[in-house]
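# Architecture at a glance
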Amino acid sequence: MTVKIAIDGPAGAGKSTVAKKLAKLLGFTYIDTGAMYRAITLKVLRENISLEDEERIVEVARKSDISLDGERVFLDGEDVSEEIRKPIISQKVSVVSQIPEVREILVKKQRKIAEGKNVVMDGRDIGTVVLPDAQFKFFLTASLEERARRRYEELKNKGTEVKYEEVLEEIKKRDSLDSGRKTSPLTIPEGAILIDTTDLTEEEVVERVYEAIRKNTKGEI
Ligand code: DC
């Protein structure tokens, strides 16, 4: 039997950092589903496709080869790991990820990647849609201001020039699009362990998640 760990939550709640560390700790495969939506968005922008042209966006999703190798993301064989983190992608990705057919295509890919493996998968609909049978479901949250502050620091450290207010607005907009969309909106999965990370360090969050897993498996993992 394989073990599936689902980590969901809004932008900036610390999901990917925690998921990566947890995967390393457990020796599991880390799957960043947000990166897949970002890769499709990058291709759509590169090909100058209008964000209103759903048909062509779905076509891009269908024809693109997206693969993950640890923390690296490949789009048709090209390493796009850095490019998909740019603010322009963050601004547009929620539009692309709202399209039901795009979700269908990517959810299928995500399930396939997870098949037969022990995985830690992070996203918005992992515990609800992608891996509803996951043995462990976590939902990470943090205050809007703290999430914006984290994203702002992250971008600043990468040398990207942004204003805190702009990041705050972008996260607010993304929250409303991700939670308000018709297909698989961001919701807390049933049975998920909720962790508010506002006043916790990354290490403390990883510790809590790890402890919850160990407690529920009687230390077998
Ligand atoms: O986690 P992230 O910021 O890299 O995700 C980018 C966007 O992709 C996010 O705004 C919503 C979307 N997304 C999604 O709809 N479903 C997922 N499982 C993961 C991400």
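Residues numbered from 1 in each chain as written. Predicted model: local features only at pLDDT ≥ 70, side-chain atom pairs only at ≥ 80, totals over all residues. Heavy atoms only, no water.

### Structural notes on the site of the ligand
Short version of the rule: Any residue with a heavy atom positioned within 4 Å of a molecule or strand is treated as near that molecule or strand. Definition of a polar contact: a pair of N or O atoms within 3.5 Å, with one able to donate and the other able to accept a hydrogen when the atoms are protein atoms, and with sequence-neighbouring residues admitted only if both atoms are side-chain atoms. To measure how exposed things are, a 1.4 Å probe is used in the Shrake-Rupley method; for residues, cover is taken only from the protein chains shown. Working definition: helices are DSSP H or I runs of at least four residues, strands are E runs of at least two. Numbering for both runs from the N terminus. Put simply, Ala, Val, Leu, Ile, Met, Phe, Trp, Tyr, Cys and Pro go in the nonpolar bin, Asp, Glu, Lys and Arg in the charged bin, and everything else, Gly too, in the polar bin.
Around the ligand sit 16 residues, and of these Arg38, Arg103, Asp125, Arg174 and Arg181 come closest. Arg174 is positioned such that a nitrogen or oxygen atom in its side chain is 2.7 Å from an oxygen atom of the ligand. When the free accessible area of the ligand is taken as 440 Å², the share hidden by the protein chains comes to 97%. Mapped onto the shell around the ligand, the elements with two or more residues apiece are α2 (33-46), α4 (87-96) and α8 (164-180). Considered class by class, the residues forming the shell around the ligand number three nonpolar, five polar and eight charged.

### Things to note about the side chain of Thr41
Stated precisely, the cut-off is as follows: Contacts are residue-level and defined by heavy atoms, with any inter-residue pair within 4.5 Å sufficient.
As for its placement among the helices and strands, Thr41 is situated in helix α2. Beyond its immediate chain neighbours, meaning those up to four positions away, Thr41 contacts Ile89, Lys92, Val93 and Val96.

### Observations regarding helix α1 (residues 15-26)
Test applied: For a helix, the expected span equals 1.5 Å multiplied by the number of residues minus one. Under the scheme applied here, a residue whose accessible area is under 20% of the maximum for its type counts as buried, over 50% as exposed, and between as partly exposed, the area being computed with a 1.4 Å probe on protein chains only. This arc corresponds to the set of directions leading from the helix axis out to the C-beta atoms.
Compared with the 16 Å implied by 1.5 Å per residue over twelve residues, the 16 Å span of α1 between its first and last C-alpha is a close match. If you check which residues of α1 are buried, you get Lys15, Val18, Ala19, Leu22, Ala23 and Leu26. Seen from one end, α1 has its buried residues packed into an arc of 130°, which puts them on one side. Buried residues along α1 sit against β1 (4-8), β2 (29-32), β6 (119-123), β7 (136-141) and α9 (202-216).

### Regarding the UniProt feature "domain: Cytidylate kinase" (unreviewed entry) in the protein chain
Put simply, the rule reads: UniProt positions are given in the numbering used here, feature names are shortened, and annotations may be inferred rather than shown by experiment.
When the UniProt feature table is mapped onto this chain, "domain: Cytidylate kinase" (unreviewed entry) is found at residues 5-214. With 52% helix and 16% strand, the stretch residues 5-214 has end C-alpha atoms that lie 13 Å from each other.

### With respect to the sheet that holds strand β4 (residues 72-75)
To keep things clear, this is the line we draw: Two strands are counted as paired when DSSP detects at least two bridges linking them.
Spatial strand order, β3-β4-β5: three strands in an open sheet with antiparallel pairing. At either end of the open sheet lies a strand with only one pairing partner, and these are β3 (66-69) and β5 (78-79). Relative to β5, β4 runs antiparallel, the two sharing two bridges. Paired with Phe74 across the two strands is Asp79, which belongs to β5.

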